[in-house]
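Here's the letter readout for the chains.
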Amino acid sequence: MGQRLSGSRSCLDVPGRLLPQPPPPPPAVRRKLALLFAMLCIWLYMFLYSCSGSCAAAPGLLLLGSGSRAALAPPALASGRDGPPSRLPFPAAPATQLAPGGETAEGAASQEEQSPEAPDSPSPISSFFSGSGSKQLPQAIIIGVKKGGTRALLEFLRVHPDVRAVGAEPHFFDRSYDKGLAWYRDLMPRTLEGQITMEKTPSYFVTREAPARISAMSKDTKLLVVVRDPVTRAVSDYTQTLSKRPDIPSFESLAFRNRTAGLVDRAWSAIQIGLYAEHLERWLRHFPARQLLFVSGERLVRDPAGELGRVQDFLGLKRIISDKHFYFNQTKGFPCLKKAEGSGRPHCLGKTKGRPHPEIDGQVLRRLRDFYRPFNRKFYQMTGHDFGWD
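Residues numbered from 1 in each chain as written. Predicted model: local features only at pLDDT ≥ 70, side-chain atom pairs only at ≥ 80, totals over all residues. Heavy atoms only, no water.

Structural notes on the environment of P335
For P335, the location among the structural elements is in strand β13 (residues 334–337). By relative accessible area, P335 is classed as buried at 2%. For the pair P335 and A152, spaced 183 residues apart in sequence, the C-alpha to C-alpha distance is 9.2 Å. (Helix = DSSP H or I, 4+ residues; strand = E, 2+ residues; numbered from the N terminus. Buried < 20%, exposed > 50% of the residue type's maximum accessible area, 1.4 Å probe, protein only.)

Some thoughts on the pattern of salt bridges
What the rule picks out here adds up to 14 salt bridges. In this structure, the salt-bridge partner of R151 is E155, at a minimum N-O distance of 2.7 Å. Of this pair, R151 and E155 both sit in helix α3 (residues 150–157), 4 residues apart, roughly one helical turn. Given the relative accessible area of 2%, R151 is considered buried. (Salt bridge = Lys/Arg side-chain N within 4 Å of Asp/Glu carboxyl O.)

A few points about the environment of G149
For G149, the location among the structural elements is in the loop between β4 (140–144) and α3. Residue class for G149 comes out partly exposed when judged on its relative accessible area of 24%. With 146 residues separating them along the chain, G149 and V295 place their C-alpha atoms 9.0 Å apart. Setting aside chain neighbours within four positions, we find G149 in contact with V226 and L300. (Contact = heavy atoms within 4.5 Å.)

Description of helix α6 (residues 230–244)
Relative to the 21 Å expected for 15 residues at 1.5 Å per residue, α6 spans 21 Å between its end C-alpha atoms, a close match to the ideal helical length. With 11 of its 15 residues buried, α6 lies for the most part within the structure. For α6, the elements touching its buried residues are α7 (251–255), α8 (269–272), α9 (276–284) and α12 (362–383). The N-capping residue of α6, defined by a side-chain oxygen 3.0 Å from the backbone nitrogen of V231, is D229. (Expected span 1.5 Å × (residues − 1). Polar contact = N/O pair within 3.5 Å; in protein donor to acceptor, adjacent residues only side chain to side chain.)

Focus on the UniProt feature "binding site: 3'-phosphoadenylyl sulfate" (unreviewed entry) in the chain
Summarizing the sequence annotation, UniProt attributes the feature "binding site: 3'-phosphoadenylyl sulfate" (unreviewed entry) to K147, G148, G149, T150, R151, R228, S236, K353, G354, R355, P356 and H357 in the numbering used throughout. Inspection of the secondary structure assignment puts S236 in helix α6. Among residues more than four places away in sequence, those in contact with S236 are K147, R228 and H357. Along the chain, P356 falls in the loop between β13 and α12. Judged by its relative accessible area of 44%, P356 falls in the partly exposed class. (UniProt positions renumbered as here; feature names shortened; annotations may be inferred.)

So, unusual backbone geometry
Cis rather than trans, the peptide bond between G144 and V145 has omega equal to -5°. Structurally, V145 is set in the loop between β4 and α3. For K147, which is not glycine, the phi dihedral falls at a positive 60°. Assignment of secondary structure puts K147 in the loop between β4 and α3.

Thoughts on the pairing of strand β7 (residues 196–200)
Burial runs high along β7: 5 of the 5 residues are buried. The side-chain alternation of β7 yields two buried faces, one formed by I196, M198 and K200 and the other by T197 and E199. By the bridge criterion, 3 bridges tie β4 to β7 in an arrangement that is parallel. In the sheet register, I141 faces β7, and the bridge partner there is E199. Where strand β5 (residues 163–165) lies against β7, 3 bridges are found, and the strand directions are parallel. Bridged to V163 within β7 is I196. (Pairing = 2+ DSSP bridges.)

Spelled out as structure tokens, the structure:
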């Protein structure tokens, strides 16, 4: 009782190692922090993913209008200007709303229609990763033909994860060749290992200098040519010009130097482009036939998945694009993509595609078919494929 402590030390003199240490945070707290971090990462991913479908203003896809209520039922037949009805192998359109008052064949542009000639508008996610990869000169080019279906082919191909393509037409080998390959390469999107860089400019096929210029860039370039009945193509070409210049002369007066004598004016560009055999001869001087693939514009409408199968094989790609990617827009008479690149919504080519053609005198069309027949047959022989235009 009453004894004094020896040494008369105060509690302040006790060594620090003897003081009580603060306890480490319990494992439950660490687990909660890790869970909170994981939830934050998931939330950020979901936010970026949702933006890729709803915030991106313009996917680069091609096809044609969102479709009407009539497109909800699986179409049994596809009627087209290019030939008799054919059974469609792809499914019906996803549910979409018909614009008030309906759509004309020209069509008021639906909400997912974008200008097909506009440059790419990448989604937030693709922009986030845009620093990845490198820019390469194209390994494959869609070189023609105008009004054959080149835009459709490009946009269908862009669904493939191993295809990266510039949206706008570069026109390098016909208009801007003096700017050099470095300028041309800079126009291309970034690609990762195993991906293909592509572009399309339909005027290359009829440009005399283009074969030698592309061969000088790379003799291994793969070339795709979308061809279509040259008579229908000429009328479509005229229709496009007429929409921009309503005061131009009639199709008949432009197509013939002397209509009475039946002399076709092959100098008119709408006629001259359809002389496929003559243009092909220039390309075969610089490229072997195995490096050119001729895509049927008519089959691209009737059976897009089937024609895309051939294209994917030619490019050495895995067959990923199939029937499940398409639906048929009955208003326009064309297949559309269920989901465009960078978007979760259906997408079709803009209203400039699928315009109604003007009425052309039947005798004029027959005379043009007679004119093109020998050129078509030579083209069939050169390509080893009968496109059935005769």
